[in-house]
Amino acid sequence: MRPTFVFVHGGSSNARAWGPLQNELALLGLRSYAVSLPGHGDLAEAPAAYYRMPQDLAALAAAPSPARAVTLRDNVRHVAGIVRRLAGHGPVVLAGNSLGGLTISAVANAVPELLDRVVYLSALCLSDPAMLTEAWEVADDNLLDAASARIAVPGVPDPGVARLNWRAAHADPELFAELKAAIMADATDHQFRVLLDSMDPDENHAVLTPEALVRADAWGRVPHTYVRLSEDRSITPAMQDYMIRRADELTPHNRFEVHTLAASHVGYFSRPQVFAELLAGLA
């Protein structure tokens, strides 16, 4: 029986980011379900000032966040509930990108018996408590930190919430180019504009907790795949390789199956066909 793919988005994103990939998978006869995590997507009450043009930046800073008080446990509860329902119809492959890696790791810890495979698309995979508190033993020359600092909204009233004004890039060609280089350099400008308009402003970094660490006795029982994105300038290949190596040290009996695509951090949005073909091969 062919599996259902369940997709978990990264930071400041939602289920809409997976639309192009889901369409390509459907053309290959594969089912999928894209999750919007709590505080994200169409059901979350994002700050109205984020969408109004011209933007009222003072109102944007002051607006409460739909991501306030959202925890990793909330994410796990939400995704595990979806996985549990889908598992009644056959195998489930859980996949995530970027910050979504923390959630898929924690879900695999919670319900390993419901998962056929876990797939990291250049996603965070933390396997040692020191990875939460200490500098990693790898050079990190990512472009995203500097670019996101330019769109960070100060003074958000909700603790732990980072608010990024992605839509500011529409009015600033230099900022647009900087963000595109960091996130989706292999896209057309039109594709990147579409992605920007799909993104949520808020992310709660309280999800970065010890509960996100993969466990050998749970996650380690599930076959897992890492899709390295060699053109990623947000989570660089060196960072991806470091996470793969550390996880393999934790579960030497069940090492990552590794594939590499010449794609950017959100290449599954701009080049969905190559990602769909790879995932179909896993199925």
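The text that follows walks through the structure, step by step, so that each part is easy to find. Please read these numbers as outputs of a predicted model, since none were measured by experiment.

1. Some details on the overall build of the chain
Here is step 1 of the chain: Along the backbone of the chain there are 12 helices and eight strands.
Here is step 2 of the chain: Against the globule reference of 19 Å for 283 residues, the chain gives a C-alpha radius of gyration of 18 Å, in line with a compact fold.
Here is step 3 of the chain: Projected onto its principal axes, the C-alpha coordinates of the chain cover approximately 55 × 40 × 40 Å.
Here is step 4 of the chain: Taken across its 283 residues, the chain has 55% of its residues classed as buried.
Here is step 5 of the chain: Residue pairs at least 24 apart in sequence account for 79% of intrachain contacts in the chain once pairs closer than 6 positions are excluded.
Here is step 6 of the chain: Carbon and sulfur atoms make up 54% of the accessible area of the chain, which totals about 12,000 Å².
Here is step 7 of the chain: Side-chain charges of the chain comprise 23 positive and 32 negative groups, with the mean position of each set lying 6 Å from the other.

2. Notes on the packing of helix 7 (residues 144-151) against helix 8 (residues 173-183)
Here is step 1 of the chain: Running from amino to carboxyl end, helix 7 crosses helix 8 at an angle of 140 degrees, the nearest separation of the two axes being 9 Å. It follows that helix 7 is oblique to helix 8 by the angle criterion. Seen from above, helix 7 lies across helix 8 with left-handed handedness. Residues Leu-144, Ala-146, Ala-147, Ser-148, Arg-150 and Ile-151 of helix 7 form the contact with helix 8, whose participating residues are Glu-174, Leu-175, Glu-178, Leu-179, Ala-182 and Ile-183.

3. As for the pattern of salt bridges
Here is step 1 of the chain: Following the criterion strictly, the structure yields 19 salt bridges and no others.
Here is step 2 of the chain: Residue Glu-257 pairs with Arg-117 through a salt bridge whose shortest N-O separation is 3.5 Å. Taken together, the positions of Glu-257 in strand 8 (residues 257-261) and Arg-117 in strand 4 (residues 117-123) put the pair 140 residues apart, joining distant regions of the chain.
Here is step 3 of the chain: Relative accessible area serves as the criterion here: at 31%, Glu-257 is assigned to the partly exposed category.
Here is step 4 of the chain: Asp-128 is the salt-bridge partner of Arg-246, the closest N and O atoms lying 2.5 Å from each other. You can see Arg-246 sitting in helix 10 (residues 237-250) and its partner Asp-128 sitting in the loop between strand 4 and helix 6 (130-133), a full 118 residues away along the chain.
Here is step 5 of the chain: You can call Arg-246 buried: its relative accessible area is 16%.
Here is step 6 of the chain: The exposure class of Asp-128 is partly exposed, given its relative accessible area of 23%.

4. Topic: the environment of Pro-91
Here is step 1 of the chain: Relative to the elements of secondary structure, Pro-91 occurs in the loop between helix 4 (72-87) and strand 3 (92-98).
Here is step 2 of the chain: For Pro-91 and His-259, which are 168 residues apart along the polypeptide, the C-alpha to C-alpha distance reads 21 Å.
Here is step 3 of the chain: Apart from the residues within four sequence positions on either side, Pro-91 is in contact with Met-1, Arg-2, Pro-3, Thr-4 and Asp-116.

5. As for the layout of surface pockets
Here is step 1 of the chain: Of the pockets and cavities examined, the largest pocket occupies roughly 870 Å³.
Here is step 2 of the chain: Lining of the largest pocket is provided by 34 residues; of these, Ser-98, Leu-99, Leu-144, His-205 and Ile-235 occupy positions nearest its centre.
Here is step 3 of the chain: Mapped by element, the contributors of at least two residues to the lining of the largest pocket are strand 3, helix 6, helix 7 and helix 10.
Here is step 4 of the chain: A per-element tally of the lining of the largest pocket places helix 7 first, with three residues.

Criteria and thresholds
- Residues numbered from 1 in each chain as written.
- Predicted model: local features only at pLDDT ≥ 70, side-chain atom pairs only at ≥ 80, totals over all residues.
- Heavy atoms only, no water.
- Helix = DSSP H or I, 4+ residues; strand = E, 2+ residues; numbered from the N terminus.
- Rg over C-alpha atoms; globule rule 2.2 N^0.38 Å.
- Buried < 20%, exposed > 50% of the residue type's maximum accessible area, 1.4 Å probe, protein only.
- Contact = heavy atoms within 4.5 Å.
- Areas by Shrake-Rupley, 256 points an atom, 1.4 Å probe, with all protein chains shown as cover.
- Lys, Arg positive; Asp, Glu negative; His and termini not counted.
- Charge placed at Lys NZ, Arg CZ, Asp CG, Glu CD.
- Axes fitted to C-alpha atoms, helices over the stretch in contact; angles between N-to-C directions.
- Parallel < 35°, antiparallel > 145°, perpendicular 65-115°, else oblique.
- Left-handed = near helix turned anticlockwise from the far one by under 90°.
- Salt bridge = Lys/Arg side-chain N within 4 Å of Asp/Glu carboxyl O.
- 1 Å grid on protein atoms, 1.4 Å probe; cavity = no way out; pocket = protein on both sides within 12 Å on 5 of 7 lines; lining within 4 Å.
- Points joined across faces, edges and corners; volume = space filled by probe spheres on them.

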